[in-house]
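Survey of secondary and tertiary structure
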Amino acid sequence: MIPAGFEYHRPGDIASAIGILQEHGDEARVIAGGHSLIPMMKLRMAEMGHLVDLQAIDELKGIEVGADTVTLGAMVTQHELITHEGLAAAIPLIREAALQIADPQVRYVGTVGGNVANGDPGNDMPGLMQCLNATFDLSGPDGNRSVAAREFYEAAYFTAREDEEILTRISIPVPSAGVGQAYEKQKRKIGDYATAAAAVMVGNGTASVAMTNLADTPVWSEGASAALADGDVNGCVAAMLDAIDPVADNRGPVEFKKHVAGVMLRRAIDRAQSRAG
């Protein structure tokens, strides 16, 4: 189908983009890669009078790898996450997950900011960012603020971002040497969302565990992470299975999804532990 008519804006800086959002209110929506919004518009499930394209804003681009922190611009594409050697050396978990998102055509255009900002529980990066204890930088009419990824997601498609705010950057602490990392994803076919996916970091007496598409938000479990840090794999899996809340759909019944979740989590733990030390 063809989307309803809209006015197209291509601002050159963040302040101009925020100004357009303020001017047009509920009628305006920012667009990054467009893989979530454009299909909804073509199906007439979303009608926007004004689209604010972020592609021309250089402030939203670039990958910075520091000794302690990695910073990703919101408009960094999944392809850039895969091909940046410095990022792969600092946090290999990001490349491993990005390679499992959709297909190469999508990854050339799809952005990390779009993936984390729209609150889709099926997206890969939100759970990954919770596992990594990332922080999201937001800019809006009232200035700039930061929100932890573990506090950002409120319900399916509802986040802590206000309507007139733009997610601008993602800051991620670099895991210490000796921390093993792994991402395991089960999906029905190439390009599909996960039936269940698990992100794991473990080593040096610490651990972090998050899962994707098994509730109306990504699920980071403090209990599962603490159990794994103590070396209790069974306790970790049990705590995570208690934390998730899958629903039956065309990917399977609840019992099947919980079974797949346990399998994916154990595989991710095994691989992360094999890479630790």
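The present account deals with the structure reproduced in this document.

Rules of the game
Going along each chain's sequence as written, the residues are numbered from 1 onward. Local features in this predicted model are restricted to residues whose pLDDT is 70 or higher, and side-chain atom pairs enter the listing and the counts only when it is 80 or higher, whereas totals over whole chains, interfaces and linings include all residues. Excluded from the side-chain calculations are hydrogens and water; all other atoms, namely the structure's heavy atoms, are used. Numbering of helices and strands runs from the N terminus, with a helix taken as a DSSP run of H or I at least four residues long and a strand as a DSSP run of E at least two residues long. Throughout, the radius of gyration refers to the C-alpha atoms, and the reference size of a globule is 2.2 Å times the residue count to the power 0.38. The buried label applies to any residue whose accessible area, calculated with a 1.4 Å probe on protein chains only, is under 20% of its type's maximum; exposed applies above 50%, and partly exposed to all values in between. Every residue pair with non-hydrogen atoms within 4.5 Å of one another is taken to be in contact. Here the Shrake-Rupley method, with its probe set to 1.4 Å, supplies the accessible areas, and only the displayed protein chains count as covering residues. Just so you know, the count uses Lys and Arg for positive and Asp and Glu for negative, and it drops His and the chain ends. Where a charge lies is defined by one atom per residue type, namely NZ (Lys), CZ (Arg), CG (Asp) and CD (Glu). The pairing criterion is simple: DSSP has to find at least two bridges between the two strands. Orientation is described by axes fitted as lines to C-alpha atoms, over the contacting stretch for helices, and by angles from 0 to 180 degrees between their N-to-C directions. The directions from the helix axis to the C-beta atoms form the arc being described. Under the rule applied, a polar contact is a pair of N or O atoms within 3.5 Å (in protein, one hydrogen donor and one hydrogen acceptor; residues adjacent in sequence only if both atoms are side-chain atoms).

**Quick look at the overall build of the chain**
For the chain, the count of helices and strands is twelve helices and 14 strands. For the chain, the C-alpha radius of gyration of 19 Å lies close to 19 Å, the compact-globule estimate for 277 residues. Here the C-alpha coordinates of the chain stretch approximately 55 × 45 × 35 Å along the principal axes. When the 277 residues of the chain are sorted by exposure, 52% land in the buried category. Intrachain contacts of the chain at a sequence separation of at least 6 include 61% that bridge at least 24 residues. For the chain, the computed accessible surface area is about 12,300 Å², with 50% contributed by carbon and sulfur atoms. Counting 22 positive and 36 negative side-chain charges, the chain places the centres of these two groups 9 Å from one another.

**Observations concerning the sheet that holds strand S12 (residues 194-203)**
Ordered by their spatial adjacency, four strands build an open sheet running S11-S12-S13-S14, and the pairing between neighbours is antiparallel. Strands at the two margins of the open sheet, each flanked by one partner only, are strand S11 (180-187) and strand S14 (219-220). The sheet contacts of helix H8 (residues 124-131) involve S11, S12, strand S13 (206-212) and S14, and relative to S13 the element is tilted by about 165°. On the sheet, helix H10 (residues 222-229) packs against S12, S13 and S14 and is oriented at approximately 140° with respect to S13.

**Thoughts on the pairing of strand S6 (residues 135-140)**
Of the strand pairs in this sheet, S6 and strand S7 (residues 143-148) are connected by six bridges, and their pairing is antiparallel. Across the sheet, residue Thr 135 finds its bridge partner in S7, namely Ala 148. Hairpin connection, S6 to S7: the antiparallel pair is bridged by two residues. Pairing between S6 and strand S10 (residues 166-173): five bridges, direction antiparallel. Following the sheet pairing, Phe 136 is matched in S10 by Ile 170.

**Considering H10**
For an α-helix, 3.6 residues make a turn, and residues three or four places apart therefore share a direction. Of all the positions in H10, only Ala 224, Ser 225, Ala 227 and Leu 228 are classed as buried. The arc that holds the buried residues of H10, viewed along the axis, is 165°, so those residues lie on one side. Two or three places before Gly 223, at the start of H10, stands the capping residue Ser 221, its side-chain oxygen 3.5 Å from that residue's backbone nitrogen. One or two steps after H10, the chain reaches Gly 231, where phi turns positive at roughly 85°.

**A closer look at the environment of Val 174**
Positionally, Val 174 belongs in the loop between S10 and S11. With a relative accessible area of 21%, Val 174 lands in the partly exposed category. A sequence separation of 104 residues divides Val 174 from Val 70, and the C-alpha atoms of the two residues are 6.5 Å apart. When neighbours within four sequence positions are excluded, Val 174 is seen to be in contact with Gly 66, Ala 67, Asp 68, Thr 69, Val 70 and Ala 90.

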